[in-house]
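# Examination of the molecular architecture
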Amino acid sequence: MTVKVKVENLNFYYGDFQALKNINIEIHENKITALIGPSGCGKSTFIKTIDRMYDLIEDTRADGHILFDEMDILKSDVDVVELRKRIGMVFQKPNPFPKSISENVLYAVKRHGDVNKVAFNEIVENSLRKASLWDEVKSKLHQSAFSLSGGQQQRLCIARTLATKPEVILMDEPTSALDPIATSKIEELLQELKKEYTVIIVTHSMQQAARISDYTGFFLNGELIEFGNTKDIFTNPKDKRTEDYITGRYG
Amino acid sequence: MTKKKYLFQEKLIEVVLVLFASISILTTIGIVFSLLFETMIFFSEVSIFEFFTSIRWAPVFDPPSFGVLPLITGTLLIAILSSLVSLPLGLGTAIFLSEFASSKVRKVIKPIIELLAGIPSIVYGFFALTFITPLLRSFLPNTDIFNALSASIAVGIMTLPMVASLSEDAMMSVPNSIRQGAYALGSTKLEVAIHVIVPAAFSGIASSFVLAISRAIGETMIVAIAAGQTPSMSLNPLGSIQTMTGFMVNMALGDIQQGSIEFKTVFAVGSVLFVITLIMNLFAKYVIAKNREVY
Ligand SMILES: Nc1ncnc2c1ncn2[C@@H]1O[C@H](COP(=O)(O)OP(=O)(O)OP(=O)(O)O)[C@@H](O)[C@H]1O
Ligand SMILES: [Mg+2]
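About the cut-offs
Residues numbered from 1 in each chain as written. Chains lettered and ligands numbered in written order. Predicted model: local features only at pLDDT ≥ 70, side-chain atom pairs only at ≥ 80, totals over all residues. Heavy atoms only, no water. Contact = heavy atoms within 4.5 Å. Buried area = accessible area lost by both parts, 1.4 Å probe. Salt bridge = Lys/Arg side-chain N within 4 Å of Asp/Glu carboxyl O. Helix = DSSP H or I, 4+ residues; strand = E, 2+ residues; numbered from the N terminus. Nonpolar A, V, L, I, M, F, W, Y, C, P; charged D, E, K, R; others polar. Domains from an automatic or database assignment. Polar contact = N/O pair within 3.5 Å; in protein donor to acceptor, adjacent residues only side chain to side chain. pLDDT = per-residue confidence, 0-100.

## A short note on the interface of chain B and chain A
Quite often, the size of an interface is put as the accessible area lost when its parts meet. Of the residues lining the interface, 22 residues belong to chain B; the matching set on chain A comes to 23 residues. Counting the surface lost from both chain B and chain A, the interface buries some 1,800 Å², and carbon and sulfur atoms represent 63% of this. Contact with chain A buries surface across chain B, with A184(B), L185(B) and H195(B) losing the most and accounting together for 33% of the total. The interface formed by chain B and chain A contains zero salt bridges. When residues of the side of chain B that touches chain A are traced back to their parent elements, those giving at least two are α7 (176-184) and α8 (189-200) of chain B. Residues of the side of chain B that touches chain A, tallied by class, amount to 11 nonpolar, nine polar and two charged.

## Observations regarding the domain arrangement of chain B
All names here are of chain B. Each domain of chain B was delimited in the assignment, giving domain 1 (3-45) and domain 2 (65-291). Put simply, the middle of domain 1 and the middle of domain 2, counted by C-alpha atoms, are 30 Å apart. In this complex, domain 1 contributes nine residues to the contact, which on the side of domain 2 involves 10 residues. Taken over both partners, the interface formed by domain 1 and domain 2 buries close to 860 Å², and the fraction arising from carbon and sulfur atoms is 78%. When the buried surface of domain 1 facing domain 2 is broken down by residue, L35, E38 and F42 rank first, second and third, together holding 61% of it. Taken together, the links from domain 1 to domain 2 amount to one salt bridge. Between E45 and K264 there is a salt bridge, with its nearest N and O atoms 3.0 Å apart. Across the contact surface, domain 1 and domain 2 share three residue pairs in polar contact (both at pLDDT 80 or more). When its residues are assigned to classes, the side of domain 1 that touches domain 2 shows five nonpolar, two polar and two charged.

## Considering the confidence of the model for chain B
Interpretation of this model should avoid reading the predicted coordinates in detail wherever pLDDT is low. Across chain B, pLDDT averages 92, with 99% of residues at or above 70. Both scores are given for the predicted complex: the pTM is 0.87, the ipTM 0.92.

As structure tokens, then:
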């Protein structure tokens with residue numbers, strides 16, 4: 001099994017506040033890793049370090065190492081624009097651009113590639129198919145993305161990310177704004193996606209983590225308390241705090 | 001409070017508010033009416049055909065000539081040249097402030113720009129005449145003392161803060177989640193600004209543009225001081241011109257008789273100005289309505 005992302009002694013600070021404390025974790029290729037933990041424990045912060053999205057927040061700082069293949073993501077000379085093409089991110093609330101459906105999918109391709117127009121149609125179709133949205137939107141590709149339902153918008157955001165051909169996809173509670181049907185669509189989709197991509201997903205739903213992930217990490221107060229096979233974490237947690245959380249004693 | 005009393009109060013408030021609203025409506029109607037009334041009298045004495053086709057504007061000469069086209073050309077020249085200053089610089093400033101500047105830098109620059117907007121236009125007028133014009137003449141020696149370019153630059157600087165501030169507001173109101181989505185796809189700041197934020201804020205930006213152009217068309221003091229008093233069809237920015245507003249303020253300052261034909265020209269020119277601004281505003285409304293995004 002290949003390790004895709006290896007995090008070593010990661011500390012993260014918002015100004016003086018330390019939001020992540022000495023995190024060590026290995027993310028395996030073509031697996032789904034779920035991150036769980038109570039609100040404010042640092043899950044979003046953690047995934048923001050992996051694609052350096054924290055650069056956008058003033059007065060933040062990370063130390064330690066995050067090795068992505070061989071490259072240390074935290075090094076200051078890393079080309080973050082290039083990095084974010086290889087590590088995509090899907091957010092909690094669907095955030096399509098105020099453009100047409102096909103323009104949303106093509107946004108990154110048009111910025112980066114020197115792809116020709118013929119390839120555009122192919123990319124749109126492939127990406128939307130992979131995000132299992134194609135059949136629902138193929139007749140209205142030129143309509144505004146805002147005309148879609150929330151669940152469709154979220155799948156569009158996934159398609160938009162897939163179009164950049166990332167290696168890792170980070171998802172921050174991607175289904176928390178969606179109803180059960182839309183949620184199960186995305187969960188099914190994840191099982192397809194992991195064949196090609198490495199997925200890290202933050203979720204507040206223990207059932208979701210148990211259902212879809214191969215590995216689970218439990219965060220508490222900025223620390224990674226326990227990490228391992230999802231089955232082990234949910235059936236046989238080693239740490240008392242993990243057990244308390246998954247049995248619902250943390251609220 | 002009884003229900004009846006409550007309802008009465010509600011009604012009273014409504015009536016008072018409607019009254020307030022009607023004051024502004026009535027004022028507008030009054031202005032438009034008096035404008036049109038004098039204009040109709042004007043056109044009973046001067047041929048409307050001559051007014052819109054003759055290319056000579058000399059209402060106080062003997063024989064007079066009433067071709068408004070030179071004044072329109074002058075106005076458009078100022079509007080276009082000043083837009084070349086205010087629109088790109090204003091939009092650039094807005095992009096810088098909303099997408100590039102750190103919050104510290106923004107806190108310093110924004111008030112300075114807003115200060116610029118508070119300077120009375122007469123100050124800009126003298127600034128044009130005593131600073132911009134000599135500067136222009138130092139490297140373009142055949143520039144007239146009174147010239148369209150100098151006034152346009154001043155008008156452009158004056159309307160720049162409006163473009164910058166309104167465009168920035170529009171861009172800042174694009175939700176951060178959309179910005180993050182673009183960054184997460186590997187966009188540079190410039191790409192996010194140009195391909196995501198500007199299109200998303202298009203209606204706000206467009207309305208700031210139209211407002212700036214309308215301000216330029218209606219600007220009086222700067223052009224009266226710096227642009228000259230020579231009604232001319234020439235599009236030479238280095239030459240002296242006259243705008244519609246420039247003519248009107250000129251007439252207002254001179255001793256013209258109420259009811260004289262010179263007096264009525266002011267209203268006729270005013271009507272033309274009114275119609276042009278109205279069309280601009282309607283056009284802006286249309287553009288904005290067509291491009292409005294609701295988040
Ligand atoms: N921009 C910020 N500035 C300062 N502190 C922040 C910022 N963002 C998050 N924090 C703090 O960092 C800690 C971790 O936040 P984070 O968003 O990573 O939590 P989370 O586990 O994702 O929570 P949730 O489940 O509610 O999304 C919290 O204490 C939070 O208050
Ligand atoms: Mg979070």
